Amino acid sequence: MLSPDRVPDLSALTRAAADYDIVRRAIAFLSERWRTQPEIDAIAAAAGVSASDLHHLFRRWAGITPKAFLQAITLDHARRLLRESASVLDASFEVGLSGPGRLHDLFVTHEAMSPGEWKSGGEGLAIAYGFHPSPFGTALVMATERGLAGLAFADVNEEQAALADMGSRWPRAKLVEDAARTAPLAQRIFDSRLWRAQQPLRVVLIGTDFEVRVWETLLRIPMGRAMTYSGIAATIRAPKAARAVGAAVGKNPVSFVVPCHRALGKNGDLTGYHWGLTRKRAMLGWEAGKLGA
């Protein structure tokens, strides 16, 4: 279903989007200086706000202090995530999507379009789209009658580039702007109070068989955990295909919901992210806050 019982109030998302612009500047500074563990005054100056404002902003946006956020986006933290994830993920995969951490995560039910539908470039497929505020900048939400089909992100004045990028994935599909239709989905995705196991978000995955297998594996990585590209390759029984897995992760059309930001290099390096490493760091830090880190 694409419509809830009521029209959502997006004021909280609008505020989160405004917060992200400051967070983005703070992350850019932290990404360069994290090894020196800069004080909050220096971070705030780089973000263009006072130390007090920055403290309150991070508490509002991520639920944690700037210092805790800094710890959550360091390489040491990423490596710890990988170490702690190994045994937990084994158990998680055994029980599908109900593994550890799902109490805190976005519950999803998914299906894959047929190879024929993918090969046709989406011919005959109608995709509604809309731009919406999110905790990570402007979100481009795309949906078919079967569920969420695309989620992308854009900074200011980059919205049309994001739409062109996503549209190129299904060149023969009919794209129809319909923000009223996609707004409830945006609310479901970014408001963690609406993440309920009994009302899972419906997602349709449009890609090759290999890509879909990679994306399904990403869906099983719980919030607060991470997995290497080689680990994903081993999970789908293609242990020598780590590079191909990386390419498939980069093509993930449903960012954040299918959590490609939880895929890391073998040493904990964040490596590439289609919508920018700053946004990937923001997502990992935001999730750490949701888990009470």
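Before going into details, it helps to say that this report is about the structure given with it. (Residues numbered from 1 in each chain as written. Predicted model: local features only at pLDDT ≥ 70, side-chain atom pairs only at ≥ 80, totals over all residues. Heavy atoms only, no water.)

1. Considerations on the overall build of the protein chain
- A count of helical and extended segments in the protein chain gives 12 helices and eight strands.
- By the burial criterion, 51% of the 293 residues in the protein chain qualify as buried.
- Long-range contacts, defined as pairs at least 24 residues apart, comprise 70% of the intrachain contacts of the protein chain with a sequence gap of at least 6.
- Here the protein chain has roughly 13300 Å² of accessible surface; of this, 51% comes from carbon and sulfur atoms. (Helix = DSSP H or I, 4+ residues; strand = E, 2+ residues; numbered from the N terminus. Buried < 20%, exposed > 50% of the residue type's maximum accessible area, 1.4 Å probe, protein only. Contact = heavy atoms within 4.5 Å. Areas by Shrake-Rupley, 256 points an atom, 1.4 Å probe, with all protein chains shown as cover.)

2. Observations regarding the packing of helix α1 (residues 11–33) against helix α3 (residues 51–61)
- Here α1 crosses α3 at 125°, and the two axes come no closer than 10 Å. Relative to α3, the element α1 is oriented oblique. Every pair of crossing elements has a handedness; the one defined by α1 and α3 is left-handed. Packed against α1, whose contacting residues are Arg-15, Ala-16, Asp-19, Tyr-20, Ile-22, Val-23 and Ala-26, the element α3 presents Leu-54, Leu-57, Phe-58, Arg-60 and Trp-61 at the interface.
- Classifying every residue of the contact of α1 with α3 gives nine nonpolar, no polar and three charged. (Axes fitted to C-alpha atoms, helices over the stretch in contact; angles between N-to-C directions. Parallel < 35°, antiparallel > 145°, perpendicular 65-115°, else oblique. Left-handed = near helix turned anticlockwise from the far one by under 90°. Nonpolar A, V, L, I, M, F, W, Y, C, P; charged D, E, K, R; others polar.)

3. Points about the side chain of Asp-191
- Residue position: Asp-191 is located in the loop between α8 (179–190) and β6 (201–205).
- A polar contact of 2.9 Å, which involves the side chain of Asp-191, links it to the side chain of Arg-193. (Polar contact = N/O pair within 3.5 Å; in protein donor to acceptor, adjacent residues only side chain to side chain.)

4. Here we look at a positive patch on the surface
- Where like charges cluster on the molecular surface, the positive patch consists of Arg-35, Arg-79, Arg-80 and Arg-83.
- Summarising the element assignment, Arg-83 is placed in helix α5 (residues 75–94). (Patch = residues over 30% accessible without salt bridge, like charges linked within 9 Å, V, L, I, M, F, W, Y side chains within 5 Å. Salt bridge = Lys/Arg side-chain N within 4 Å of Asp/Glu carboxyl O. Lys, Arg positive; Asp, Glu negative; His and termini not counted. Charge placed at Lys NZ, Arg CZ, Asp CG, Glu CD.)

5. Some thoughts on the environment of Arg-83
- Arg-83 sits in the exposed class, given a relative accessible area of 60%.
- Separated by 142 residues in sequence, Arg-83 and Arg-225 have C-alpha atoms that sit 9.3 Å apart.

6. Details of the environment of Ala-139
- In this fold, Ala-139 is placed in strand β3 (residues 137–144).
- Given a relative accessible area of 0%, Ala-139 falls into the buried group.
- The spatial distance from the C-alpha of Ala-139 to the C-alpha of Ala-186 is 7.9 Å, given a sequence separation of 47 residues.
- Ala-139 has contacts with Gly-130, Phe-131, His-132, Ser-134, Leu-151, Ala-152, Phe-153 and Phe-190, leaving out every residue within four places of it along the chain.

7. Describing the pattern of salt bridges
- Applying the stated criterion across every chain, the model contains 11 salt bridges.
- The partner of Glu-111 in a salt bridge is Arg-146, and the shortest N-O contact between them spans 3.1 Å. In this pair, Glu-111 is assigned in strand β1 (residues 108–112) and Arg-146 in the loop between β3 and β4 (147–154), connecting sequence segments 35 residues apart.
- Between Arg-262 and Glu-287 there is a salt bridge; the shortest N-O distance is 2.7 Å. You can see Arg-262 sitting in the loop between α11 (242–250) and β8 (263–264) and its partner Glu-287 sitting in helix α12 (residues 277–290), a full 25 residues away along the chain.
- For Glu-287, a relative accessible area of 3% corresponds to the buried category.
- Via salt bridges that share partners, Asp-21, Arg-24 and Arg-25 belong to a single interconnected network.

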